[in-house]
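Architecture and fold: a report
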Amino acid sequence: FEAARGVVNRLYDEGFEIVFFTARLMGRHGGDIAKVYEQGYDMTLNQLKSWGFKFHRLYLGKPAHHILVDDKALFFNSNWDEIYRAIKEKEHKEIY
C-alpha cells in the first residue's frame, strides 16, 4: 500500500496523469453505474484522499470481472498462450 502510494504520487509529481478506475460496488449493484456513483463516489474519493494518493480523476463503473483484457495496460502481454496458462494457474485460487 505505502509503496503503491509512493510510486503513484511520484509519477503525479513528475507530471503523469493519474486516473483511478475501479469496479468497486459494481457487483453489489448489478452493474448499475448510477447506483455505484450515488453510493460509492464520495466514499471512494474521500478514501483515496485520506490515504494520501495524488490523482487527477476518479472513475467508477469498471465492469466487475474475473479477467480484464486491456490492450492499453502497462504490462499487456500479446502472447495469448502465455495469458491462457497464467489464467489457468490462478483458476482455483482466491485472487478476486
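First, a word on what this report is: a plain description of the structure on this page.

Let us now look at the nonpolar core. The biggest cluster of nonpolar side chains holds eleven residues, and these are Val8, Ile18, Leu25, Met26, Val36, Leu45, Leu48, Phe53, Phe55, Leu58 and Leu60. Elements represented by at least two residues in this core include exactly helix 2 (33–50) and strand 2 (57–60). Sequence-distant contacts of isoleucine 18, defined by excluding residues within four places in its chain, comprise Val8, Leu11, Tyr12, Lys54, Phe55, His56 and Arg57.

In the case of a regular strand, side chains alternate between the two sheet surfaces. As judged from the four bridges shared by strand 1 (residues 19–22) and strand 2, these two strands associate in the parallel manner. Residue pairing across strands places threonine 22 opposite leucine 60, the latter belonging to strand 2. Handedness of the β-α-β unit built from strand 1, helix 2 and strand 2 comes out right-handed.

So, on to the packing of aromatic side chains. This model, assessed by the stated rule, comprises five aromatic pairs. Ring centres of phenylalanine 1 and tryptophan 51 lie 5.2 Å apart, and the angle between their planes is 90°; on these two criteria the pair is classed as edge-to-face. Separated by 50 residues along the polypeptide, phenylalanine 1 in the segment before helix 1 (2–13) and tryptophan 51 in the loop between helix 2 and strand 2 bring together distant segments of the chain. Overall, tryptophan 51 belongs to the partly exposed group, its relative accessible area being 34%. An aromatic cluster is defined as three or more aromatic residues linked by ring pairs; in this entry it consists of Phe1, Phe20, Trp51, Phe53 and Phe55.

On to helix 2, then. In a regular helix each residue adds 1.5 Å, so 18 residues correspond to 26 Å; helix 2 covers 24 Å between its end C-alpha atoms and thus fits that length. Glycine 40 marks the point of greatest bend in helix 2, at about 50°. Here helix 2 has its buried residues at Val36, Gly40, Thr44, Leu45 and Leu48. Between the side-chain oxygen at the start of helix 2 and the backbone nitrogen of alanine 34 there is a gap of 3.1 Å, and the oxygen is on aspartate 32. Of the residues flanking the end of helix 2, it is glycine 52, one or two places downstream, whose phi is positive at about 90°.

Below, the discussion takes up the pattern of salt bridges. Counted according to the given criterion, the structure contains two salt bridges. Among the ionic pairs, aspartate 13 bridges to lysine 54, the shortest N-O distance being 2.8 Å. You can see aspartate 13 sitting in helix 1 and its partner lysine 54 sitting in the loop between helix 2 and strand 2, a full 41 residues away along the chain. In this structure lysine 54 comes out as partly exposed when scored by relative accessible area, which is 33%. Among the ionic pairs, glutamate 17 bridges to arginine 57, the shortest N-O distance being 2.2 Å. One end of the pair, glutamate 17, is in the loop between helix 1 and strand 1; the other, arginine 57, is in strand 2, and 40 residues separate them in sequence. Arginine 57 sits in the partly exposed class, given a relative accessible area of 34%.

Rules and cut-offs
- Residues numbered from 1 in each chain as written.
- Predicted model: local features only at pLDDT ≥ 70, side-chain atom pairs only at ≥ 80, totals over all residues.
- Heavy atoms only, no water.
- Core = buried A, V, L, I, M, F, W, Y, C linked by side-chain atoms within 4.5 Å.
- Buried < 20%, exposed > 50% of the residue type's maximum accessible area, 1.4 Å probe, protein only.
- Helix = DSSP H or I, 4+ residues; strand = E, 2+ residues; numbered from the N terminus.
- Contact = heavy atoms within 4.5 Å.
- Pairing = 2+ DSSP bridges.
- Right-handed = clockwise from strand over helix to strand, strands pointing away.
- Phe/Tyr/Trp six-rings, centres within 6.5 Å; stacked < 30°, edge-to-face > 60°.
- Expected span 1.5 Å × (residues − 1).
- Bend = angle between axes of the 7 residues up to and from the residue.
- Polar contact = N/O pair within 3.5 Å; in protein donor to acceptor, adjacent residues only side chain to side chain.
- Salt bridge = Lys/Arg side-chain N within 4 Å of Asp/Glu carboxyl O.

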